[in-house]
Amino acid sequence: MNKNIFPITVLLILLLACSGNDSEKENIIETELNIVNTPTTPTTPTTPTTPTTPTTPTTPTTPTVGTQDAKAKLATENTQSSLSVDIDPTSIARYIVYEQLVRWISPKDVVGETKVTKGRLVFNESGNIIPGESIIIVDLKNLKSDSNKRDDYIKKSALESNKYPEAIFVPDTIEGLDWPFPTIGDHTFKMFGDMTVHGVIKPVEWLVQTSVVDDIVNGTAVTKFDFSYFDIEKPNLGFILILDDELRIELEFTAMVNS
C-alpha cells in the first residue's frame, strides 16, 4: 500500500464516523477501503526500440563469362617470340693498323684476319638485346697478315693468343635499329657491350652498317681502341719505323634472321 494514502484514509474514516448516519458511513468506509486495498498495477517499463540496421548495398557481381578468354587473347596479342640474328662462321674479323717498316717506301695499313667462330644477337619482343643469349667470339690464334714474323710476334708477345685464344664480345644495348627488324634496305645502328681481349674486359662501341634482303643480312661492324686499352704490348722493333697507337677492328659478316 502506498504510504501516503494510508494516513489520509484513516483520517477520513474517523471524520465520517463522527458525523452522518451509519449506513452512509459504512458505504463511504467500504468505498475507501476498496480504494486502499486495490493493488496498484506497476507500470511496465517501455522496451527501447532496437535501431534498424541499415541495409548494406548489394555489390554488383562482376561478370565472369568470357573473362579468361579475354585475358588469354590480350596475352597473345602482347607476346611475340624472340628473334635472333645468327652470324655465319665463315664471317671475317680483322685488325688494321697504320705501319711502316724499314724496307717500305711509305707507311700503309697492315691487315690481319681470322674467323668469327660464333656470333649471335638475340632480341626480345620489344627489340631490346638479350645479353645472356647474345655473344660474338673471334679466333685470335689464327690471325694472318702478310708477314709470318708479325703474326708470330702478335701470337707470342702482343696478344699472347696461346694464353688468350679468343676475343669475346657480349652486346647489351642496340641504338638506332628499326623495329620490327627490317626485311629490306640499308640500315646503320650502334651496338654497345663488354669485350674481352688479352684477359681484359672493357666496354666497346661498334658502328654497324647492314644491307638486308628478306632474312639475309650482310654488313660490317667497326670499332677502334689503343693498344694500351686492353694492355696489349705495342711492338717496338728496330725494323718498324712507324706504328700507330690505334688498332681498328672490323667484322665483315653474313647473318640469317630467325624468328
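Scroll up to find the structure this text is about.
The rules behind these values
- Numbering of residues begins from 1 in every chain and follows the order in which that chain's sequence is written.
- The predicted origin of the model limits local features to residues at a pLDDT of at least 70 and limits the giving and counting of side-chain atom pairs to 80 or more, whereas totals for whole chains, interfaces and linings rest on all residues.
- Computation of side-chain values: all heavy atoms of the structure, hydrogens and water removed.
- Buried Ala, Val, Leu, Ile, Met, Phe, Trp, Tyr and Cys residues form a nonpolar core when they are joined through side-chain atoms within 4.5 Å.
- Per-residue accessibility, obtained with a 1.4 Å probe over protein chains only, is compared with the maximum for each type, and a residue is labelled buried under 20%, exposed over 50%, and partly exposed between these values.
- Labels follow the DSSP assignment, with helices taken as runs of H or I lasting at least four residues and strands as runs of E lasting at least two, numbered in each case from the N terminus.
- Each pair of aromatic rings taken from Phe, Tyr and Trp, with Trp reduced to its six-membered ring, is defined by centres within 6.5 Å and is described as stacked if the planes are under 30 degrees apart, edge-to-face if over 60, and tilted in the remaining cases.
- Should the NZ of a Lys or the CZ of an Arg lie within 6 Å of a ring centre and within 35 degrees of the ring normal, that charge is described as sitting over the ring.
- Any pair of N or O atoms that falls within 3.5 Å is considered a polar contact. Within protein, one atom must be able to donate a hydrogen and the other to accept it, and sequence-neighbouring residues count only if both atoms are side-chain atoms.
- Note on contacts: a residue pair is in contact if any heavy atoms of the two residues lie within 4.5 Å.
- Strand pairing is defined by DSSP finding a minimum of two bridges between the two strands.

A.B. asks: I'm lost on the nonpolar core in this one. Help?
C.D. replies: Within soluble globular proteins, side chains that are nonpolar tend to cluster in buried spots. In this structure, F123 and W206 are the most contacted members of the largest nonpolar core, which totals 49 residues. No other element matches the 6 residues that strand β10 (residues 246-258) contributes to this core.

A.B. asks: Explanation requested: the packing of aromatic side chains in the structure shown.
C.D. replies: Note on aromatic pairs: each is described by the distance of the centres and the angle between the planes. Scanning all chains against the criterion turns up 6 aromatic pairs. Seen in terms of ring centroids, F169 and W206 are 5.7 Å apart; in terms of plane orientation they differ by 65°. Their pairing is edge-to-face. On the criterion of sequence distance, the pair formed by F169 in strand β5 (residues 166-175) and W206 in strand β7 (residues 200-213) is long-range, its members being 37 residues apart. With respect to class, F169 is no different from W206; both count as buried. Relative to F230, the ring of Y229 has its centre 5.1 Å away and its plane inclined at 85°; by these criteria the two rings are edge-to-face. Take Y229: its relative accessible area is 27%, and that puts it in the partly exposed class. With relative accessibility at 0%, the residue F230 sits in the buried group. For K108, the ring lying beneath its charged end belongs to W104, and the centroid distance is 4.3 Å. Sitting above the plane of the Y229 ring, K202 keeps its charged end 4.3 Å from the centroid.

A.B. asks: What exactly am I supposed to notice about the side chain of H198 here?
C.D. replies: Mapped onto the secondary structure, H198 falls in the loop between β6 (184-197) and β7. At 2.6 Å, the side chain of H198 forms a polar contact with the side chain of E160. Apart from the residues within four sequence positions on either side, H198 is in contact with A158, L159, E160, Y164, F230, D231 and I232.

A.B. asks: Explain unusual backbone geometry here, please?
C.D. replies: Phi is mostly negative for residues that are not glycine, and the peptide bonds are mostly trans. With an omega dihedral of 5°, the bond running from W179 to P180 counts as a cis peptide bond. When you line up the elements, P180 lands in the loop between β5 and β6. In this structure, H198 is a non-glycine residue whose phi angle is positive, near 55°. The phi angle at D231 is positive, at roughly 55°, despite the residue not being glycine. With respect to the helices, strands and loops of the structure, D231 is situated in the loop between β8 (216-226) and β9 (240-243). Assessed through its relative accessible area of 51%, D231 is described here as exposed.

A.B. asks: What's the story with the pairing of β10 in this structure? I'm lost.
C.D. replies: Side-chain positions along a regular strand alternate between the two faces of the sheet. In β10, alternate side chains face the same way, and those of L247, I249, L251, F253, A255 and V257 are buried while those of E246, R248, E250, E252, T254, M256 and N258 on the opposite face are not. Two strands pair when backbone bridges link them, and strand β1 (residues 83-87) and β10 are joined in this way by 4 bridges, in the antiparallel orientation. For V85, the partnering residue across the bridge sits in β10 and is V257. When strand β2 (residues 92-101) meets β10, the two strands line up antiparallel, connected through 5 bridges. Along β10, the bridge assignment pairs R94 with E250. Alignment of β8 against β10, held across 11 bridges, turns out to be antiparallel. Note on β10: the bridge partner recorded for V217 is A255.

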